[in-house]
Amino acid sequence: MLKHIRTILYATDLSNTSAYAFRYAACLSKALDARLHILHAVEPMSEEARMTLTAFITDPTAREDALRRRMETARRLLDERQETFWAQMTPEEMVLRDRVDEIEVIEGFAAEAILRRAESLPADMILMGSHAHGISHTFLGTVAKRVLRRARIPTLIVPYATD
């Protein structure tokens, strides 16, 4: 017997094409009568970037503000993308918005953050979009490949929409 999918974790990279994958997540949550959690991971700053930040912003409070603004900027962009997405929906489709339980931005390497959050929810499915990279990536981004390899739950990768 297959496990019932009650919770879907939708991971977004905030790219311009991510709305296509989100539409799948929203519609799938309705079809499965599932709850939807939205996640974006902001990559941690490299050691070199932190050293540069320290060299150019010597005040520790200003430095902390700069780091905090990184996360706030990602959250603002995620909120803007959500509002744009929902503004394009018909009144009948707007009921899908009620399926969204949580929208969060966390710091971490994307694949690891997605897998950790899927486990902590616990999610029954991960859904994310692919990228339109060249043949070397076979149309599947590095993050998607890492999640697919390590996920212990069904994972749906929505292809990049070309139309």
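The sections below set out a description of the structure shown in this document. If you're wondering where the values come from, they're calculated on a predicted model, not measured in any experiment. In this convention, every chain numbers its residues from 1, walking through the sequence in written order. At least 70 in pLDDT is required for a residue's local features to be given in this predicted model, at least 80 for side-chain atom pairs to be given and counted, and no such filter applies to totals for whole chains, interfaces and linings, which use all residues. As a rule here, side-chain values cover all heavy atoms of the structure and leave hydrogens and water aside.

Remarks on the overall build of the protein
Consideration 1: By definition, any uninterrupted DSSP run of H or I lasting at least four residues is a helix, any uninterrupted run of E lasting at least two residues is a strand, and each is numbered from the N terminus. A count of helices and strands for the protein gives 5 helices and 5 strands.
Consideration 2: Tracing the protein from N to C terminus, the helices and strands come up as β-α-β-α-α-β-α-β-α-β.
Consideration 3: Here the C-alpha coordinates of the protein stretch approximately 55 × 35 × 35 Å along the principal axes.
Consideration 4: When accessible area is computed with a 1.4 Å probe and restricted to protein chains, residues below 20% of their type maximum are described as buried, those above 50% as exposed, and intermediate ones as partly exposed. A buried classification covers 37% of the 163 residues belonging to the protein.
Consideration 5: Distance between charge centroids for the protein: 4 Å, based on 22 positive and 23 negative side chains. The charge count includes Lys and Arg as positive and Asp and Glu as negative, but it does not include His or the ends of the chains. Note on charges: their place is set at NZ of Lys, CZ of Arg, CG of Asp or CD of Glu.

Thoughts on helix α4 (residues 110-120)
Consideration 1: Among all positions of α4, only A110, A111, A113, I114, L115, R117 and A118 are buried.
Consideration 2: Whether two residues are in contact is decided by their heavy atoms: any pair within 4.5 Å suffices. The inward-facing, buried residues of α4 abut β1 (7-11), β2 (35-42), β3 (100-107), β4 (125-129) and α5 (142-150).

Topic: the packing of helix α1 (residues 18-31) against helix α3 (residues 60-87)
Consideration 1: Angular values range over 0 to 180 degrees, each being the angle between N-to-C directions of two axes fitted as lines to C-alpha atoms, with helices fitted over their stretch in contact. Orientation of α1 relative to α3, taken along the N-to-C sense of each, is 65°, at an axis distance of 11 Å. By the angle between their directions, the pair α1 and α3 is classed as roughly perpendicular. The crossing of α1 and α3 is right-handed. Counted together, A19, F22, R23 and A26 of α1 and Q82, F85 and W86 of α3 form the full contact between these two elements.
Consideration 2: Each residue gets one of three labels, nonpolar for Ala, Val, Leu, Ile, Met, Phe, Trp, Tyr, Cys and Pro, charged for Asp, Glu, Lys and Arg, and polar for the others, Gly among them. Broken down by class, the residue content of the contact of α1 with α3 amounts to 5 nonpolar, 1 polar and 1 charged. In what follows, roughly perpendicular refers to angles from 65 to 115 degrees, roughly parallel to angles under 35, roughly antiparallel to angles over 145, and oblique to any angle outside these ranges. Handedness of each helix crossing follows the sense of rotation of the near helix against the far helix: counterclockwise by less than a right angle gives left-handed, clockwise gives right-handed.

Considering the packing of aromatic side chains
Geometry of an aromatic ring pair is reported as the spacing of the ring centres plus the angle between the planes.
Consideration 1: Think of it this way: a Phe, Tyr or Trp ring, Trp meaning its six-membered ring, pairs with another when their centres are within 6.5 Å, and the plane angle makes it stacked under 30 degrees, edge-to-face over 60, tilted otherwise. This model, assessed by the stated rule, comprises 5 aromatic pairs.
Consideration 2: On the numbers, 4.6 Å between centres and 75° between planes, the contact of F22 with F85 is edge-to-face. Here F85 lies in helix α3 and F22 lies in helix α1, a separation of 63 residues in the sequence.
Consideration 3: Taking the relative accessible area as the measure of exposure, F22 reaches 2% and is therefore buried.
Consideration 4: With centroids separated by 5.0 Å and ring planes inclined at 85°, the aromatic side chains of F85 and W86 adopt a geometry described as edge-to-face.
Consideration 5: Since its relative accessible area comes to 3%, W86 is described here as buried.
Consideration 6: Through pairs of rings, three or more aromatic residues link up here, namely Y10, F22, F85 and W86.

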